[in-house]
Amino acid sequence: DAGITQSPRHKVTETGTPVTLRCHQTENHRYMYWYRQDPGHGLRLIHYSYGVKDTDKGEVSDGYSVSRSKTEDFLLTLESATSSQTSVYFCAITQGVGETQYFGPGTRLLVL
Amino acid sequence: GQQLNQSPQSMFIQEGEDVSMNCTSSSIFNTWLWYKQDPGEGPVLLIALYKAGELTSNGRLTAQFGITRKDSFLNISASIPSDVGIYFCAGLANAGNNRKLIWGLGTSLAVNP
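To keep things clear, this report deals only with the structure shown in the data block. Everything quoted here is computed from the prediction, not taken from an experiment.

### With respect to the overall build of chain A
Next, step 1: Scanning chain A for helices and strands turns up 0 helices and 11 strands.
Next, step 2: Seen in sequence order, chain A has helices and strands lined up from the N terminus as β-β-β-β-β-β-β-β-β-β-β.
Next, step 3: Taken along its principal axes, the extent of the C-alpha atoms in chain A is 40 × 30 × 25 Å.
Next, step 4: Looking at chain A as a whole, 51% of its 112 residues qualify as buried.
Next, step 5: A sequence separation of at least 24 residues applies to 54% of the contacts in chain A between residues at least 6 apart.
Next, step 6: Working note: accessible area of chain A is about 5,000 Å², and carbon and sulfur atoms make up 49% of it.

What follows is the structure, encoded as structure tokens:
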């Protein structure tokens, strides 16, 4: 158990509304990641963080922003949700030897 | 974005059979990881490989880091119903702050009891 929680676990929202997903870790890990998972596309990296206030874009960052004001929390924001952002969102952290990533339980987001 | 070539895409086998799946890349990797994902949950790490040629086991699972550093294999022996799920490979090429994994699209495994 890597001590990762995600909230909310499920959310339904309307197109055009802002949405913020939270990833929380309890073990002081430096690296945190946000992925989305869609059928036929596997896991795609949205943004990642390598320290407080240090973030970088992944391969599908358009329409998303992130913030990391403290080590334990990594927030993913959809500024104006679109139906194409309906997906399952996973947070991950890097722990221990090498670059092994451990995942949270996921957030299912439906944008109507 | 870059992705690994993972095959087969899906498998349907009888309980007790052995399973093999693999990932290949045009790039060299320093780390290979194998994950399993059950429905409604996040991926869970099965095996991590850090050295070319390395062969590592975890119970009935065995994975190998290819000698060319461009491929990896996962074998499951004597499959059981709880092996059902999606198996993902992932590779890492760079170090430093660029710790982004490259992922395969997954192998969906179904086991007939």
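Read on for the rest.
### Observations concerning the nonpolar core
Next, step 1: One finds Trp34, Leu74 and Leu109 of chain B to be the most contacted residues of the largest nonpolar core, which totals 22 residues.
Next, step 2: Only strand S2 (10-14), strand S3 (19-24), strand S4 (31-37), strand S5 (44-49), strand S7 (61-65), strand S8 (71-76), strand S9 (85-92) and strand S11 (107-112) of chain B provide two or more residues apiece to this core.

### A short note on the side chain of Arg44 of chain A
Next, step 1: Mapped onto the elements, Arg44 of chain A comes out in strand S5 (residues 42-51).
Next, step 2: Other than its neighbours up to four places away in sequence, Arg44 of chain A contacts Trp34, Tyr35, Arg36, Asp38, Glu59 and Val60 of chain A.

Rules behind the numbers
Residues numbered from 1 in each chain as written. Chains lettered and ligands numbered in written order. Predicted model: local features only at pLDDT ≥ 70, side-chain atom pairs only at ≥ 80, totals over all residues. Heavy atoms only, no water. Helix = DSSP H or I, 4+ residues; strand = E, 2+ residues; numbered from the N terminus. Buried < 20%, exposed > 50% of the residue type's maximum accessible area, 1.4 Å probe, protein only. Contact = heavy atoms within 4.5 Å. Areas by Shrake-Rupley, 256 points an atom, 1.4 Å probe, with all protein chains shown as cover. Core = buried A, V, L, I, M, F, W, Y, C linked by side-chain atoms within 4.5 Å.

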